[in-house]
Amino acid sequence: IYAYKSDVVADISIKKVLETFYDTARCKEWVKDLVDVQEHPCNAKFGKCLPREKVIVQQYKLTHVIPGVKNRQFVSRRYATHDWRKKSETVVFQSLTSNEGDEDYPVCRGCIRGFINSTEWVFTELPGDETRIELSSVVDPLGSLSSRLTNFYQKGWSGDTISGLIKASKARGDNRTSIWDELELTSVIADE
């Protein structure tokens, strides 16, 4: 299985992009083939919790790609770091190790639990209200899918998902305080 990376510069502010990205309840609108998602607090029994860490349970529909193929479910830790010098936010998804989350997050009916080796999003603020969005992903859907089919699917998934994120971000009408505002406020307080 190959790692795939997409890199796009979008004419939208990082604030809007991150508002959309962190709105877990609405990510089914822009993540390709995502049919269910749940966000849970970090669970310390799986290791030390990082700041802003969450457990994310995602279910992807694959039956329309290949009839008869079971949907895939992923249970991962999502954590983020912020680099003020680069004006960037990095968000990483990594699966819990095998069987780690089975008791707390059972495999959905008719699904196979896949494994996210690493999915990394990097959002960088650019001049002129633009945002660079980078997505690299190495995911093993497990089960009987061939690596050739997996690679073909993943190659298109990253670009389609970034395009969906940009479109959903531009469509947002609300201007509530975003994670970016909270990070800026934290930085100001820390600098005092």
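Anything mentioned here points back to the structure above.
Topic: the state of the cysteines
Formally, a disulfide is one covalent bond, and it connects the sulfur atom of one cysteine to the sulfur atom of another.
Here is step 1 of the chain: In the structure shown here, the tally under the stated rule is two disulfides.
Here is step 2 of the chain: Here Cys42 engages in a disulfide with Cys49; their sulfurs sit 1.9 Å apart. Taking the sign of the torsion about the S-S bond as the criterion, the disulfide between Cys42 and Cys49, at about -95°, is left-handed.
Here is step 3 of the chain: Assigning the bonded cysteines of the protein chain consecutive numbers by sequence position, one obtains the connectivity 1-2, 3-4.

Points about the nonpolar core
Here is step 1 of the chain: Membership of the largest hydrophobic core comes to 29 residues, with the highest contact counts inside it found for Phe21, Trp30, Val91, Trp121, Phe123, Ile133 and Leu165.
Here is step 2 of the chain: Those elements that provide at least two residues to this core are helix H1 (14-21), strand E2 (34-41), strand E3 (54-60), strand E4 (71-83), strand E5 (88-95), strand E7 (115-126), strand E8 (130-140) and helix H2 (147-171).
Here is step 3 of the chain: The element best represented in this core is H2, accounting for five residues.

Considerations on unusual backbone geometry
Here is step 1 of the chain: Positive phi, close to 55°, is recorded for Lys87, a residue that is not glycine.
Here is step 2 of the chain: One can find Lys87 in the loop between E4 and E5.
Here is step 3 of the chain: Of note, Asp129 is a non-glycine position whose phi angle comes to about 55°, a positive value.
Here is step 4 of the chain: Tracing the backbone shows Asp129 in the loop between E7 and E8.

Here we look at the pattern of salt bridges
Here is step 1 of the chain: Applying the stated rule across the entire model yields 10 salt bridges.
Here is step 2 of the chain: Residues Arg172 and Asp23 are paired through a salt bridge, measuring 3.4 Å at the closest nitrogen-oxygen approach. Of this pair, Arg172 sits in the loop between H2 and helix H3 (179-191) while Asp23 sits in the loop between H1 and E2, placing them 149 residues apart in sequence. Grouping residues by exposure puts Arg172 and Asp23 together as buried.
Here is step 3 of the chain: Between Arg78 and Glu39 there is a salt bridge whose closest N-O contact spans 3.5 Å. With a gap of 39 residues between them, Arg78 in strand E4 and Glu39 in strand E2 connect regions that are remote in the sequence.
Here is step 4 of the chain: Its relative accessible area of 6% is what places Arg78 among the buried residues.
Here is step 5 of the chain: What emerges from the salt-bridge pattern is a single network uniting Glu19, Asp23 and Arg172.

Looking at the packing of aromatic side chains
The geometry of an aromatic ring pair comes down to the distance between the two centres and the angle between the two planes.
Here is step 1 of the chain: Within the structure shown, the criterion is met by nine aromatic pairs.
Here is step 2 of the chain: Residues Phe21 and Phe93 carry aromatic rings whose centres are separated by 6.5 Å and whose planes lie at 75° to one another, so their mutual orientation is edge-to-face. Within this pair, whereas Phe21 is found in helix H1, its partner Phe93 is found in strand E5, the two being separated by 72 residues in sequence. We note that Phe21, like Phe93, is buried.
Here is step 3 of the chain: Here Phe21 and Phe123 contribute two aromatic rings whose centre-to-centre distance is 5.0 Å and whose plane-to-plane angle is 65°, an arrangement assigned as edge-to-face. Of this pair, Phe21 sits in helix H1 while Phe123 is found in strand E7, placing the two residues 102 residues apart along the sequence. In this structure, Phe21 and Phe123 share a single accessibility class: buried.
Here is step 4 of the chain: Put simply, the rings of Phe21, Tyr22, Trp30, Phe93, Trp121 and Phe123 touch in pairs and so form one group of aromatic residues.

Reading the values: the criteria
Residues numbered from 1 in each chain as written. Predicted model: local features only at pLDDT ≥ 70, side-chain atom pairs only at ≥ 80, totals over all residues. Heavy atoms only, no water. Disulfide = S-S within 2.5 Å. Core = buried A, V, L, I, M, F, W, Y, C linked by side-chain atoms within 4.5 Å. Buried < 20%, exposed > 50% of the residue type's maximum accessible area, 1.4 Å probe, protein only. Helix = DSSP H or I, 4+ residues; strand = E, 2+ residues; numbered from the N terminus. Salt bridge = Lys/Arg side-chain N within 4 Å of Asp/Glu carboxyl O. Phe/Tyr/Trp six-rings, centres within 6.5 Å; stacked < 30°, edge-to-face > 60°.

Treat this as a map of the structure, not an account of what it does.
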